[in-house]
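Examining the three-dimensional arrangement
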2 protein chains.
Amino acid sequence: MSLHKVAIIGSGNWGSAIAKIVGENAQKHSDLFDRQVRMWVFEEQVDGRNLTDIINEKHENVKYLPGVKLPENVIAIPDLIEACQGADLLVFVLPHQFVHRVCTDLKGKLGKNARAISLIKGLAFHDNNISLFTDEIQNTLNVPTAALSGANIADEVAQEMFGETTIGSQTYEEDGELWFKLFNTPYFQVTVIADSVSVQICGALKNVIAVGAGLCDGLNDSPSQRCRYGNNTKAAVIRRGLLEMRKFGKSFFGGVRTETFFQSCGVADLITTCLGGRNRKVSEAFVNSGKSIEELEKEMLNGQKLQGTTTAKEVHEFLKARNMTEDFPLMTTVYRIIYDGEPPETIVRDI
Amino acid sequence: MSLHKVAIIGSGNWGSAIAKIVGENAQKHSDLFDRQVRMWVFEEQVDGRNLTDIINEKHENVKYLPGVKLPENVIAIPDLIEACQGADLLVFVLPHQFVHRVCTDLKGKLGKNARAISLIKGLAFHDNNISLFTDEIQNTLNVPTAALSGANIADEVAQEMFGETTIGSQTYEEDGELWFKLFNTPYFQVTVIADSVSVQICGALKNVIAVGAGLCDGLNDSPSQRCRYGNNTKAAVIRRGLLEMRKFGKSFFGGVRTETFFQSCGVADLITTCLGGRNRKVSEAFVNSGKSIEELEKEMLNGQKLQGTTTAKEVHEFLKARNMTEDFPLMTTVYRIIYDGEPPETIVRDI
């Protein structure tokens, strides 16, 4: 049996942390994986030099994961097709807006036995429909595609702080062990399950719930609030959020299993996202500053879009088109507070 | 149909917060409940006066819930039998060490249609066996007994911060609505389910998991730790804890349902307990101070026993007697770190 060749498509903060793990495991399991791991890097200039040249010389992504050494067998390549040449294991870890383009470029260029795994965050909404990025990859490239998500703050993973993650693979029986060996380490413990759908739903919707949790924090901080909101309140929002995430999955997709919500991609990732992170932080500021989300995005995120509120809007349009907003009261209330001027206090009172 | 008469057995911090709610609801649902709610108060002297006299005059439990007005229809009574005279709804909300004595004293003195609800924290361990306080009450007094538990920090409930709770009642179809009306308010939202067993298991075992979460916090704080432990780690411990709580329930009791762990008594209470509270705090100090739990109990808790470590020990003895410690690796590791000198780092590495 020939060795599996791995290509990592993407090289941001999370992509680089994952490249470190994959590079280590390609060395460790030399019976399974080709030693060389190619990483596609969208070329850019850093201090007048190509980022790929810096990565290949210093073994460090100085721009997106500074201070962390990458294994020497991870090779940065600026050309997508060259990076994926001969690879049969494709790790997609790039911002969602690039997925379509990358898949189009790769179409017809992969071997017959190739398979993919998506670490892409979010769901794809278009024309009031949702699709999963695993489906987009699978349908365009005709390769079975798994999904990986969990309570995985990238910098912590890069620093080898202990954590867990979940891989969902519908071809779990054939591919489960391979994905496990590519990603599992003593400090990054992988559980492989069959339900790749919920893995992705949790990864997208947790951000909406985190906006709700941030609203509670803002109300709790605010001395002017007549009603008050404490730890009990925030726990209630997180709990209701977990149930709405599951309900959303079960309502609109097949194969969603309750057990998945007990995995790292479910309850654990939801907890970390509701306690730390930008979604929680910006929505806390939304309550206390009285500014709009657009203003806060400019001030706090350098103009970048906040994932949680963007997803809340997309989910709302999706539900509205189906006359189902009232079936998801927490996510609907988050939308109404952020975009329709409803008072933040309704985050719990209205449910 | 005659009105239901309520007796509250206990008047500590949580008992007083609950008396406020029950008193309000007895007024509100005057078609269902007798207006007068009697609260048994273990008599003690405060500034040279009887606590019951102070409560009945000031409508405030100045010792255990200072600053919060109790409804005037809540009457403090120092005699247990008198407090329960004619009552058909008994709310047990007292420290577990008093339950046996109270039940013995009440035996044979209750009406035929009486029923009870337990807000007692913990499980009863004796001779390497476990029993539920609902069973102890039910078996001694021959009354159907429900359980109430949730993400309910008592002071927050008393201050009417929004929260949720769970009532488990095996006689749910007959009694569910009555319990709902006695406890539900706009700021304290009740869900009634049939699984009273898990409600109590969650309330006891969450403290063991919170000790584990505190160990992570201690490791995360500590600059001397070679391995490091971040938010991903703590989320992993909380998640594994939730699964071990469920496994414990399913292994040793009947009627345990997965859905209960999505209720306030499950995931929500676990989250608040792992983020705040004394179990988390003392075990964090255990890592950083190098002191024993006994020393820390003296210093930090005025000599009171920490629930989480006490329960960890009781659970360990129970599991050991059944040769099942390895089936519950997280709770077993918590025990070994606290009592057997294993390094705190094993909290995640060993699982």
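Predicted model only: the values in this text are computed from it and were never measured.

Residues and elements named next belong to chain A. Ordered in space as β5-β2-β1-β6-β7-β10-β11-β12, the eight strands form an open sheet in which the pairing is mixed. Edge strands, defined here as strands with exactly one partner in the open sheet, are β5 (74-77) and β12 (188-193). Put simply, the sheet's adjacent strands are angled 25° from each other on average, direction ignored. Its contacts with the sheet put helix α2 (residues 51-58) on β2 (33-40) and β5, and the angle it makes with β5 is roughly 165°.

In the numbering used here, UniProt assigns the "domain: Glycerol-3-phosphate dehydrogenase NAD-dependent N-terminal" (unreviewed entry) feature to residues 5-172 of chain A. In the segment residues 5-172 of chain A, helix accounts for 31% and strand for 27%; the C-alpha atoms at its two ends are 19 Å apart.

Okay, the interface of chain B and chain A next. Between chain B and chain A, the contact holds 42 residues from the first and 42 residues from the second. Contact between chain B and chain A buries roughly 3600 Å² in total, counting both sides, with carbon and sulfur atoms accounting for 56%. Three residues, Phe162, Asn232 and Phe262 of chain B, lead the burial of chain B against chain A; their summed loss comes to 23% of the area buried on that side. Inspection of the region where chain B meets chain A yields six salt bridges. Between arginine 240 of chain B and glutamate 164 of chain A there is a salt bridge, with its nearest N and O atoms 2.5 Å apart. There are 19 residue pairs in polar contact (both at pLDDT 80 or more) connecting chain B and chain A. At the level of elements, α6 (154-158), β11 (163-168), α9 (231-252), α10 (264-275) and α15 (346-349) of chain B are the ones that each hand at least two residues to the side of chain B that touches chain A. Of all the elements, α9 of chain B adds the most residues to the side of chain B that touches chain A, at 11 residues. Here the side of chain B that touches chain A is built from residues that sort into 21 nonpolar, 12 polar and nine charged.

The next point concerns helix α1 (residues 13-28) of chain B. Residues and elements named next belong to chain B. Taking 1.5 Å of rise per residue, 16 residues should cover 22 Å, and α1 covers 23 Å from first to last C-alpha, within 8% of that figure. Within α1, 12 of the 16 residues are buried, which leaves it mostly tucked inside the rest of the structure. Of all the positions in α1, only Trp14, Gly15, Ser16, Ala17, Ile18, Ala19, Lys20, Ile21, Val22, Gly23, Asn25 and Ala26 are classed as buried.

Residue and element names in this part refer to chain B. Put simply, helix α4 (residues 99-106) and helix α5 (residues 133-141) touch, their axes get as near as 9 Å, and they point 20° apart. One element, α4, and the other, α5, form an angle in the roughly parallel class. In the packing of α4 onto α5, the handedness of the crossing is right-handed. Where α4 approaches α5, its residues Val99, His100, Cys103, Thr104 and Leu106 are matched on the opposing element by Phe133, Glu136, Ile137, Thr140 and Leu141. Looking at the contact of α4 with α5 residue by residue, the classes come out as six nonpolar, three polar and one charged.

Screw-axis analysis of chain B against chain A gives a translation of 0.0 Å along the axis, an RMSD of 0.0 Å, and a rotation angle of 180°. The symmetry that links the two subunits is that of a two-fold axis. Looking at chain B, 100% of its interface residues are interface residues in chain A too, so the copies touch through the same face.

Attention now moves to the pattern of salt bridges. With the rule as written, the count across this model stands at 36 salt bridges over all chains. The salt bridge involving arginine 246 of chain B is made with glutamate 259 of chain A; its shortest N-O contact spans 2.7 Å. With arginine 246 of chain B in helix α9 and glutamate 259 of chain A in the loop between α9 (231-252) and α10 (264-275), the pair connects residues from two separate chains. Using a relative accessible area of 11% as the deciding quantity, one classes arginine 246 of chain B as buried. Relative accessible area serves as the criterion here: at 26%, glutamate 259 of chain A is assigned to the partly exposed category. A salt bridge links glutamate 24 of chain B to lysine 20 of chain B; the nearest nitrogen and oxygen atoms lie 3.1 Å apart.

Let us now look at the sheet that holds β11 of chain B. All names here are of chain B. Taken together, the eight strands give an open sheet; going across it, the order is β5-β2-β1-β6-β7-β10-β11-β12, and neighbouring strands pair in mixed fashion. The two strands at the open ends of the sheet, each matched to only one other strand, are β5 (74-77) and β12 (188-193). Averaged over all pairs of adjacent strands, the angle between strand axes in this sheet comes to 25°, irrespective of strand direction. Of the strands in this sheet, β1 (4-9), β2 (33-40), β5, β6 (89-92), β10 (145-149) and β12 are in contact with α1, which crosses β2 at around 165°. Running over the sheet, α5 touches β6, β7 (115-118) and β10 and is turned about 155° from β10.

Rules used in this analysis
Residues numbered from 1 in each chain as written. Chains lettered and ligands numbered in written order. Predicted model: local features only at pLDDT ≥ 70, side-chain atom pairs only at ≥ 80, totals over all residues. Heavy atoms only, no water. Pairing = 2+ DSSP bridges. Helix = DSSP H or I, 4+ residues; strand = E, 2+ residues; numbered from the N terminus. Axes fitted to C-alpha atoms, helices over the stretch in contact; angles between N-to-C directions. Contact = heavy atoms within 4.5 Å. UniProt positions renumbered as here; feature names shortened; annotations may be inferred. Buried area = accessible area lost by both parts, 1.4 Å probe. Salt bridge = Lys/Arg side-chain N within 4 Å of Asp/Glu carboxyl O. Polar contact = N/O pair within 3.5 Å; in protein donor to acceptor, adjacent residues only side chain to side chain. Nonpolar A, V, L, I, M, F, W, Y, C, P; charged D, E, K, R; others polar. Expected span 1.5 Å × (residues − 1). Buried < 20%, exposed > 50% of the residue type's maximum accessible area, 1.4 Å probe, protein only. Parallel < 35°, antiparallel > 145°, perpendicular 65-115°, else oblique. Left-handed = near helix turned anticlockwise from the far one by under 90°. Least-squares fit on C-alpha atoms with pLDDT ≥ 70 in both.

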